[in-house]
Every structure is written in structure tokens, then in C-alpha cells.
Amino acid sequence: MVRRDPRPGRRKRNLLRVNGVEQVDWKDATLLRQFLSDRGKIRARRVTGLTPREQKQVATAIKNAREMALLPYPGPRRE
């Protein structure tokens, strides 16, 4: 069974490479907010288009920024 991309020829853009970031820093809250959903969850690698190493760096930086109260923790679902 072959899965086809609904958007052939279109690649996900790597936001770290677009912004020229080589090392992810937890103090850069504006950059890290781009990797959070509206509820505060960390977006998956298939959504962000990052490499596994970059995704791990972003996840660690987001967790550190949450500890320092720069970013929100995931909130409860509101209906």
C-alpha cells in the first residue's frame, strides 16, 4: 500500500533554517512559540519539518522555557 502526499512536490519548511538558527536557545521565546500549538502543546516533527536532532533541541528548549515561565504549559481543553 503506497501512501501519497496530498500536496505533491511541496516540502515542509524548516523554520530553524529559514531563520538561520544553528543552536536553539530557551531564551528565544518568540521562535519557540512557533513550535507550540494554540493549546501549548509541542508540535510533532512531521508538522514542523525539523530533523530528529533539531526536534529534540526544540523540545528541550521549550521545556526549559516553561520552567522559567517564558512559555505556557499545555492547558485544559475548553469546550
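The structure we're discussing is the one just above.
What this report covers is the structure whose coordinates are included nearby. (Residues numbered from 1 in each chain as written. Predicted model: local features only at pLDDT ≥ 70, side-chain atom pairs only at ≥ 80, totals over all residues. Heavy atoms only, no water.)

Some details on the overall build of the chain
For step 1, the next point in the chain: Tallying secondary structure elements over the chain gives 4 helices and 0 strands in all.
For step 2, the next point in the chain: For the chain, the α and β elements follow one another from N to C terminus as α-α-α-α.
For step 3, the next point in the chain: Sorting the 79 residues of the chain into buried and exposed places 28% on the buried side.
For step 4, the next point in the chain: Element-wise, carbon and sulfur atoms account for 47% of the exposed surface of the chain, whose accessible area totals about 6,600 Å². (Helix = DSSP H or I, 4+ residues; strand = E, 2+ residues; numbered from the N terminus. Buried < 20%, exposed > 50% of the residue type's maximum accessible area, 1.4 Å probe, protein only. Areas by Shrake-Rupley, 256 points an atom, 1.4 Å probe, with all protein chains shown as cover.)

Here's the deal with the nonpolar core
For step 1, the next point in the chain: Formed by 14 residues in total, the largest nonpolar core has its most connected members in L16, V24, L32, F35, V58, I62 and L71.
For step 2, the next point in the chain: Taken together, the elements giving at least two residues each to this core come down to α1 (15-18), α2 (29-33) and α4 (52-67).
For step 3, the next point in the chain: For this core, the element with the most residues is α4, which contributes 4 residues. (Core = buried A, V, L, I, M, F, W, Y, C linked by side-chain atoms within 4.5 Å.)

Details of the side chain of R66
For step 1, the next point in the chain: When you line up the elements, R66 lands in helix α4.
For step 2, the next point in the chain: No salt bridge is formed by the buried R66; its nearest oppositely charged neighbour, E67, is found at 8.9 Å.
For step 3, the next point in the chain: Sequence-distant contacts of R66, defined by excluding residues within four places in its chain, comprise L36, G40, K41, I42, L71, P72, Y73 and P74. (Lys, Arg positive; Asp, Glu negative; His and termini not counted. Salt bridge = Lys/Arg side-chain N within 4 Å of Asp/Glu carboxyl O. Contact = heavy atoms within 4.5 Å.)

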